[in-house]
Amino acid sequence: MKKIIFTISLAFFLSVPLFAETYWIDNDSGGKSELTSCKGEIPLNGSNACYYKSVSYDGATVKAGDTVYFREGTYNITESGINPTNSGTSKESMIIFSSYQDENVTFYGVRDISGYASAGIKLRGNSYIKITKIDFINVKYGFTIHGGGYNEISYCNFEHRNAWNDVIITGTAKNNIDNYYHSSSVLYDPENDLSKYANRRIINLTDKSVMYSIDTVTTTTASAKEGTSRELLGGTNNYWSYGDKYQITWNNSYDPAPCDIGGASTNNWIHHNTMQGPGGFQNGQDGVPVFQIGSDLGGAEYNNNNTVEYNHIFRGGHHTAGINKGLYNVIKHNYFTNHSWFDDSAWGGGCTEQGLCGYRVVSSGVDEPAYGGYGLWEGNRIAHGAAYGGPHLINDSSASGGGVSLGTPNNIYRYNEHVHNALYGLRLGSSVSSASNNNRVYNNTFYKNGYGADDDPRATNDEFKTGLIFYRSGTEGNIIKNNLFYDHYAQTNKPNNSTYTPAIRLSSEADLDNNTIENNYLNSTSGYISSPTKILELSNPLFEDDRLPAEDADYIEAMEVVEAWPNVVPNLSLKKNSPAINKGTFLTRAVGAGADSTILTVEDSRYFQDGSWGSDLANLHPDVISIGTVTNIVTIQAIDYDKNIITLESPISWNENDPIWLKKNSDGKAVLFSDAPDMGANETWLPPTISRKNSINEGD
């Protein structure tokens, strides 16, 4: 048999256990049952592996530095798939759970007798745990990190179960026996003790309506007749009649999300995963997000310095991802989508002609400004937020899919693409927060937002069908610069309102005295308010490929691209003859001159980050800036945002009022190649003799 050979270098001799073990798990019932007997040699046909159903590998046996390999196959789970007891001790001494080489390993959630679905990964206070290359299918929770730090989840696939199918009991309404509770919203069925199903979801299959937080009638006493009733919603009649068939299912929990970081969890690294589908919308609260960092309401919870990158997160309820309570989190190179996917045809059928609903894409909100913000949002695509959102299942309220609601302060928001969302591409502010202050929003691309809700008769708020909107009072101190806006619905259409909406719109509570909007690629109205006449576009910016996905199959294909959109339409890179090339301006200016100095005072330091944000497990480069000229380059070492002082890694000289640009981003990749930046998220790679591929590889 082939041996696993460990080579321990002197460099981490003290941090890696001398006797780190490799364990093997198999789903073959012929395997061994004690984990201590399943280590060392690579198992052959399960002969030297442990049978998963018989082993508690999450106990004290597995310790810092150990690796647990799962052999190919499907492992059925009813509670937790990976739930370690111990923690690793350092980056070099993590506990690792992984599939072996390229073998396909699936953890499949099987509903237990109580109807509660399983959790793929549960980390409660654990640190330095790595889980990689495993599929978690039909689970209620993909992963939960609560109170832990320095954990890594990578190259996994999380597909969540449909809670509407988790039927606990079925029955028949007896509501009009002896004319008792005829046509009532209170269910009467004395054959079942319905009181024990409070806070579950009850579905009137006959009426196609739904009730939450069940109030029930099980007797004919006077007190029962006076009980409080709950409203049936989304159906034809919205009341119970004799003979109506019903079923009771589990609710989706809004918090924690199916994939969740909470409980003051820090320095976790979530990368190269797919996360999808928590099970549809919920009447009354729209459904649950797929992924979330911290809740948007409640007390302080500092889930700080987490890095979430190169994930595809899609098919959510109210939204697909929530970035809420926590500071200095890094959200980069993710592909967030929420196109029409939920099949409503069996229920209200009030969505598209095909019975499909979608909703919002990303939400970021806190009820106290100090609880969130200081995030780096870089290089994400936020796309295809769809019309016919969750509330359409219950009433006539307007609800459709916007791109990002940014309701936290002091974020660096740059080089993101906002594509084909039914409402706005970006909204500063959210329904739970007015803390969207002091954000630096620059070099983002907004293309074809506001389309999709135009065919939704209940999405009546035309002013939201645009590129960027300031929302609610107290939204101030934001700077919007060097962004590219093109082809937004409300500029030339107004089916419900009496006015047209510019690509950037200030709400009635926000104004230009408190925010700065300058040098963006758009044609706006005076003061960035609504206009009685159509708002014409600037010249076509000439994207490389401006096509949208033609049909649902194209969206599905895109979902399989973990590193997101380079291989899917639209391609929003600029053609060489684009009028948006070299039309950007500098970000800030030097205050005072410097001669061979490392202390740079600037007018505004909030455009930049020093490499200290995000998880210590991930590789985040500090920003590289150009001062005075594009070739006068230096790396940032530290930033004092209160004093606007940047400490540089090496001495350099500059003049007073010298312009300052971003030269290299947090990947260490160049984003400036000529005397001025381009508009939008995609810098044209110049000079022509330097190919894009070589530039990316070399980091020039």
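Higher on the page you've got the structure.
Quick summary incoming for the structure in this document. Quick caveat, the model's predicted, so the values are computed rather than measured.

### A short note on the overall build of the protein chain
Link 1 in the chain: Within the protein chain, the regular secondary structure consists of three helices and 54 strands.
Link 2 in the chain: Residues classed as buried in the protein chain amount to 59% of the 700 residues present.
Link 3 in the chain: Within the protein chain, contacts between residues separated by at least 24 positions form 74% of all contacts whose residues are at least 6 apart in sequence.
Link 4 in the chain: Counting every atom, the protein chain has about 26,900 Å² of accessible surface; 46% of that belongs to carbon and sulfur.

### Side note on the state of the cysteines
Link 1 in the chain: Inspection of every chain in the model, using the stated rule, returns one disulfide.
Link 2 in the chain: Across the disulfide from C38 sits C50; the S-S distance is 1.9 Å. Judged by the sign of its S-S torsion, about 100 degrees, the bond between C38 and C50 is right-handed. On the criterion of sequence distance, the pair formed by C38 in the loop between β1 (22-26) and β2 (50-51) and C50 in strand β2 is long-range, its members being twelve residues apart.
Link 3 in the chain: A residue is classified by how much of its surface remains accessible, and C38, at 0% relative accessible area, is buried.
Link 4 in the chain: We classify C50 as buried; its relative accessible area is 0%.
Link 5 in the chain: With no disulfide of its own, C156 lies closest to C259 among cysteine sulfurs, the gap being 9.8 Å.
Link 6 in the chain: Of the residues examined, C259 reaches a relative accessible area of 0% and is grouped as buried.

### Observations regarding the packing of aromatic side chains
Link 1 in the chain: Under the defined criterion, the tally for this structure stands at 26 aromatic pairs.
Link 2 in the chain: Ring centres 6.2 Å apart and planes at 90 degrees place the aromatic pair W240 and Y246 in the edge-to-face group.
Link 3 in the chain: Assessed through its relative accessible area of 0%, W240 is described here as buried.
Link 4 in the chain: With relative accessibility at 1%, the residue Y246 sits in the buried group.
Link 5 in the chain: Their ring planes at 55 degrees and their centres at 6.4 Å tell us that W613 and Y641 sit as a pair that is tilted. Here Y641 lies in the loop between β52 (633-640) and β53 (645-654) and W613 lies in the loop between β50 (594-601) and β51 (624-627), a separation of 28 residues in the sequence. Residue W613 shares its accessibility class with Y641, and that shared class is buried.
Link 6 in the chain: Counting every residue linked through ring pairs, the aromatic cluster contains F70, Y75, F107, F136, F143, F158 and F291.
Link 7 in the chain: The residue whose ring lies beneath R440 is Y607, and the NZ or CZ to ring-centre distance is 5.9 Å.
Link 8 in the chain: In this arrangement the basic side chain of K663 is found over the ring face of F673, its NZ or CZ atom lying 5.6 Å from the centre.

### Quick notes on the sheet that holds strand β38 (residues 417-419)
Link 1 in the chain: Overall, parallel pairing links the eleven strands, which are arranged β4-β7-β10-β13-β22-β25-β29-β35-β38-β41-β44 in an open sheet. Lying at the two open borders of the sheet, with one neighbouring strand each, are β4 (73-77) and β44 (484-486). Sheet twist, expressed as the average angle between the axes of neighbouring strands with direction ignored, equals 10 degrees.

### Some remarks on the sheet that holds strand β11 (residues 141-146)
Link 1 in the chain: Judged by pairing direction, the sheet is parallel, and its eleven strands sit side by side in the order β5-β8-β11-β20-β23-β26-β32-β36-β39-β42-β45 without closing on themselves. Looking at which strands have only one partner, the edges of the open sheet turn out to be β5 (80-82) and β45 (504-505).

### Let's talk about the environment of Y371
Link 1 in the chain: In this structure, Y371 sits in the loop between β32 (362-365) and β33 (372-373).
Link 2 in the chain: Counting along the chain gives 73 residues from Y371 to G298, while the straight-line C-alpha distance between them is 9.8 Å.
Link 3 in the chain: Residues within four places of Y371 in sequence aside, it is in contact with G298, G299, A300, Y302, N324, K325, G326, L327 and V366.

### Thoughts on unusual backbone geometry
Link 1 in the chain: The phi angle at Q101 is positive, at roughly 50 degrees, despite the residue not being glycine.
Link 2 in the chain: Within the secondary structure, Q101 is located in the loop between β6 (95-99) and β7 (105-109).
Link 3 in the chain: Relative accessible area serves as the criterion here: at 47%, Q101 is assigned to the partly exposed category.
Link 4 in the chain: Although it is not a glycine, L542 adopts a positive phi angle of roughly 60 degrees.

### Describing the nonpolar core
Link 1 in the chain: Judged by nonpolar contacts, the single largest core of 63 residues is most densely connected at F70, F107, I131, F136, F143, F291 and L468.
Link 2 in the chain: By size, the runner-up hydrophobic cluster in this structure holds 28 residues, among which are Y415, L600, W654 and V671.

### Notes on the pairing of β1
Link 1 in the chain: Counting buried positions over the five residues of β1 gives five, a clear majority of the element.
Link 2 in the chain: Alternating positions in β1 separate into two faces, T22, W24 and D26 on one and Y23 and I25 on the other, with burial throughout.
Link 3 in the chain: Inspection of the sheet shows β1 paired to strand β3 (residues 67-70) by four bridges, in the parallel sense. Following the sheet pairing, Y23 is matched in β3 by V68.

### Describing the pairing of β51
Link 1 in the chain: Neither face of β51 is open: one carries V624 and S626, the other I625 and I627, and all of them are buried.
Link 2 in the chain: Relative to β52, β51 runs antiparallel, the two sharing three bridges. Counted as the bridge partner of V624 is T635 from β52.

Thresholds applied
- Residues numbered from 1 in each chain as written.
- Predicted model: local features only at pLDDT ≥ 70, side-chain atom pairs only at ≥ 80, totals over all residues.
- Heavy atoms only, no water.
- Helix = DSSP H or I, 4+ residues; strand = E, 2+ residues; numbered from the N terminus.
- Buried < 20%, exposed > 50% of the residue type's maximum accessible area, 1.4 Å probe, protein only.
- Contact = heavy atoms within 4.5 Å.
- Areas by Shrake-Rupley, 256 points an atom, 1.4 Å probe, with all protein chains shown as cover.
- Disulfide = S-S within 2.5 Å.
- Phe/Tyr/Trp six-rings, centres within 6.5 Å; stacked < 30°, edge-to-face > 60°.
- Lys NZ or Arg CZ within 6 Å of the ring centre and 35° of its normal.
- Pairing = 2+ DSSP bridges.
- Axes fitted to C-alpha atoms, helices over the stretch in contact; angles between N-to-C directions.
- Core = buried A, V, L, I, M, F, W, Y, C linked by side-chain atoms within 4.5 Å.

By themselves, these figures tell us nothing about what the structure is for.
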